[in-house]
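Structural description and commentary
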Amino acid sequence: MHIFSENELKQIQDLQKHVGVFFENQALITQAFTHASYLNENRGKLGQNNERLEFLGDAVLQIVVSRYLYDKFPEMPEGQLSKIRASIVCEPSLVHFSNQLCFGDYIFLGKGEERSGGRTRASLLADLFEAFVGALYLDQGFPAVISFFERIVFPKINEGGFDDVADYKTQLQEEVQKDHVGTLEYKIVHESGPPHNRIFESCVYLNEKLLGSGSGKTKKEAEQYAAKKALDQF
């Protein structure tokens, strides 16, 4: 249970009106929009931050998107389905959906996180979208999540927004081979976050020269974004 002010509770009500989704359990939607920094700075508030909901939401997101792609593309091989799914559930796409819904305007942040630009931080916005999905699943089950995705996620798939799935590592390798300029090497240089929600940072080097760096929720995703940055050098 959360003990929040009337203004804070109104913020949660405004959020639900804005999104067009109304929760039966208000504690769940409140938890989804409560960042750890907020509870750390407001010890009088009862409740949990949204990290556990992020964990659940990530799994729900994966299964709902997987089922949709499975039905929509009956002839598509597993490898291509996996690539399209990865492009939908990756951080940039989740940030896009979160921004589309103005989620950053509604999250409860600590003052330090607020000052450091937390409302627009990509990792926070991606996690926030996952937390919302997890909360919605707990509150109303898969039918409500699917209905929500039919408005927010599936239209972008139907518009072809993920048809051209870029494999930046392959593109970079082709550029290097074309110019015969050396050998690429990827290194994971940093890991952060709790075990269920790790963030990896990768760097790509050409003949020991740093070309680019990127971060992601898996080592492969981090390497892809590092390669994307490196492609700018070519």
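About the cut-offs
Residues numbered from 1 in each chain as written. Predicted model: local features only at pLDDT ≥ 70, side-chain atom pairs only at ≥ 80, totals over all residues. Heavy atoms only, no water. Helix = DSSP H or I, 4+ residues; strand = E, 2+ residues; numbered from the N terminus. Rg over C-alpha atoms; globule rule 2.2 N^0.38 Å. Buried < 20%, exposed > 50% of the residue type's maximum accessible area, 1.4 Å probe, protein only. Contact = heavy atoms within 4.5 Å. Pairing = 2+ DSSP bridges. Axes fitted to C-alpha atoms, helices over the stretch in contact; angles between N-to-C directions. pLDDT = per-residue confidence, 0-100. Parallel < 35°, antiparallel > 145°, perpendicular 65-115°, else oblique. Nonpolar A, V, L, I, M, F, W, Y, C, P; charged D, E, K, R; others polar. Phe/Tyr/Trp six-rings, centres within 6.5 Å; stacked < 30°, edge-to-face > 60°.

Points about the overall build of the protein
Counting its secondary structure elements, the protein contains eleven helices and three strands. Counting from the amino terminus, helix and strand elements in the protein follow one another as α-α-α-α-α-α-α-α-α-α-β-β-β-α. The C-alpha radius of gyration of the protein comes to 20 Å, within 12% of the 17 Å expected for a compact globule of 234 residues. Principal-axis analysis of the C-alpha atoms gives the protein an extent of 65 × 45 × 25 Å. When the 234 residues of the protein are sorted by exposure, 43% land in the buried category. Taking as baseline every contact in the protein between residues at least 6 positions apart, the subset at least 24 positions apart corresponds to 58%.

Description of the environment of Glu201
Relative to the helices and strands, Glu201 is located in strand 2 (residues 199–206). Considering only alpha carbons, one finds Glu201 and Arg151, 50 residues apart in sequence, at a separation of 32 Å. Look past the residues within four positions of Glu201 in its chain and what remains in contact with it is Lys187, Ile188, Val189, His190, Ser213, Gly214, Ser215 and Ala222.

Some points on the sheet that holds strand 1 (residues 184–192)
Strand order across the open sheet formed by three strands is 1-2-3, with antiparallel pairing between neighbours. For this open sheet the edge positions go to strand 1 and strand 3 (209–216), each flanked by a neighbour on one side alone. Across this sheet, the average inter-strand angle for adjacent strands is 20°, counted without regard to direction. As defined by bridge partners, strand 1 adjoins strand 2 across eight bridges and the pair is classed as antiparallel. If you follow Ile188 over to strand 2, its bridge partner there is Ser202. Across the sheet, helix 10 (residues 168–179) lies against strand 1 and strand 2, angled at about 145° from strand 1, the strand it touches most. Contacting strand 1, strand 2 and strand 3, helix 11 (residues 219–231) runs over the sheet at an angle of about 135° to strand 3.

Details of unusual backbone geometry
Here the phi dihedral of Asn207 falls at roughly 55°; this positive angle occurs in a residue that is not glycine. When its relative accessible area of 47% is taken as the criterion, Asn207 is described as partly exposed.

Re the confidence of the model for the protein
Looking at the protein as a whole, its pLDDT mean stands at 88, while 95% of the residues score no less than 70. Averaged pLDDT values for the elements of the protein fall to 82 in helix 10 and rise to 97 in helix 8 (residues 122–152).

Remarks on the packing of helix 6 (residues 91–100) against helix 8
With their axes 8 Å apart at the nearest point, helix 6 and helix 8 run at an angle of 70° to one another. As the angle between them shows, helix 6 and helix 8 are arranged roughly perpendicular. Together, Glu91, Leu94, Val95, Phe97, Ser98, Asn99 and Gln100 of helix 6 and Ala122, Ser123, Leu125, Ala126, Leu128, Phe129, Glu130 and Ile152 of helix 8 make up the contact between the two elements. Partitioned by chemical class, the residues of the contact of helix 6 with helix 8 number nine nonpolar, four polar and two charged.

Here's the deal with the packing of aromatic side chains
A complete count under the given rule lists 14 aromatic pairs for this structure. Between Phe33 and Phe103, the aromatic rings sit 5.0 Å apart at their centres with planes inclined by 90°, giving edge-to-face as the arrangement. Within this pair, whereas Phe33 is found in the loop between helix 2 (26–32) and helix 3 (36–41), its partner Phe103 is found in the loop between helix 6 and helix 7 (111–115), the two being separated by 70 residues in sequence. Taken individually, Phe33 and Phe103 each receive the classification buried, so the pair is uniform in this respect. Through pairs of rings, three or more aromatic residues link up here, namely Phe23, Phe33, Tyr68, Phe97, Phe103, Phe129, Phe132, Phe148, Phe149 and Phe154.

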